[in-house]
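A closer look at the structure
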Amino acid sequence: MKKWGTLVIALLMVTSLLAACGQNKNNDGSAQGAGSDGGNSDKKVITLGTSADFAPYEFHIKNDQGQDEIVGFDIEIAKEIAKDLGAELQIKDLQFDSLMNELNSGRIDFAISGLSPTPERQKEVDMSKIYFTAMQAVVTRTGEEGSYKTMDALVGKKIGVQKGSIQEDIAKTVQDAKITSLAKTQDIMMQLKTGRVDVAIIEGPVAEAYISNIEGLTIAEAQPEAEDDGYIVAVKKGNSEILDKVNATLTRLMEDGSLEKYIQAASELAVK
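This section reports on the structure supplied with the text. (Residues numbered from 1 in each chain as written. Predicted model: local features only at pLDDT ≥ 70, side-chain atom pairs only at ≥ 80, totals over all residues. Heavy atoms only, no water.)

Summarising the element assignment, Lys 184 is placed in the loop between strand E11 (178-182) and helix H6 (185-193). Sequence-distant contacts of Lys 184, that is, excluding residues within four places in its chain, are made with Ser 51, Asp 53, Asp 93, Leu 94, Gln 95 and Gln 162. (Helix = DSSP H or I, 4+ residues; strand = E, 2+ residues; numbered from the N terminus. Contact = heavy atoms within 4.5 Å.)

In this section: the sheet that holds strand E2 (residues 53-54). With antiparallel pairing, 3 strands are arranged side by side in an open sheet as E2-E3-E4. Two strands in the sheet have a free side with no partner beyond their single neighbour: E2 and strand E4 (68-71). For E2 and strand E3 (residues 58-62), the ladder comprises 2 bridges, and the chain directions are antiparallel. The residue bridging Phe 54 from the neighbouring strand is Glu 58, located in E3. (Pairing = 2+ DSSP bridges.)

The terminal C-alpha atoms of helix H8 (residues 240-255) lie 22 Å apart, and with 16 residues this matches the ideal 22 Å at 1.5 Å per residue to within 8%. Residues of H8 that are buried: Ile 242, Leu 243, Val 246, Thr 249, Leu 250 and Leu 253. The buried residues of H8 occupy an angular sector of 130 degrees when projected down its axis, which confines them to one face. What points out from H8, more than 90 degrees from its buried face, is the exposed set Glu 241, Asp 244 and Glu 255. (Expected span 1.5 Å × (residues − 1). Buried < 20%, exposed > 50% of the residue type's maximum accessible area, 1.4 Å probe, protein only. Arc of directions from axis to C-beta.)

Mapped onto the elements of the fold, Tyr 210 is located in helix H7 (residues 204-213). Through-space distance from the C-alpha of Tyr 210 to that of Phe 54 is 9.2 Å; in sequence the pair is 156 residues apart.

So, in structure tokens, the structure goes:
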């Protein structure tokens, strides 16, 4: 009987330990997100989803310690949102076309990645106010820019764009265009550099950053037009708590001049 009693006590202790270990996970096994402390700290964690190949918005650099770091003016905005929420910022670098699914699944709390407020996205997620507006650009090989003075010159051409982007939507309006849609902007630039596509449609500041670092590419005169040139922060449908905080942070950054400083600093860093 004494041995049985000892065994029961041991089993109870193991069960209690396993239960305690499981308290830091949600029912689906994923980590607890914003608004929770994970059972270990009073500090909340909020997770940003981004596609960090979109300089000067979000991109990778080697910092002074030689470590990989994601920077950019979208990242600075995200840091301010986290600060205003009293949370620690976690960044997930994802494929651009997966951001909405990651957001709706709860694996990220908000997304910032040069997101335009398209009608399709408005059905999927809730959106902040527009915090920045930029023009689009047609990038081609140096010496060929004279062939692309208007968008009509793109008819029947091979066009490279980022998959799931507003630039992909623009390319689809070009008659007989042969569209190559890729996940990463740098891959599009390599397709252009090696002649696999004739032109690439890229957001203006992003195009400037790339041609400053890739010899043999330039911006043509053709001016793409889009209905949704502005950029927003996306949150999961119905998450009004985070959306209200996001809009309050964006208003502050726009009114106190911080946003312009972030844009300038990120643009300078992108061309180094």
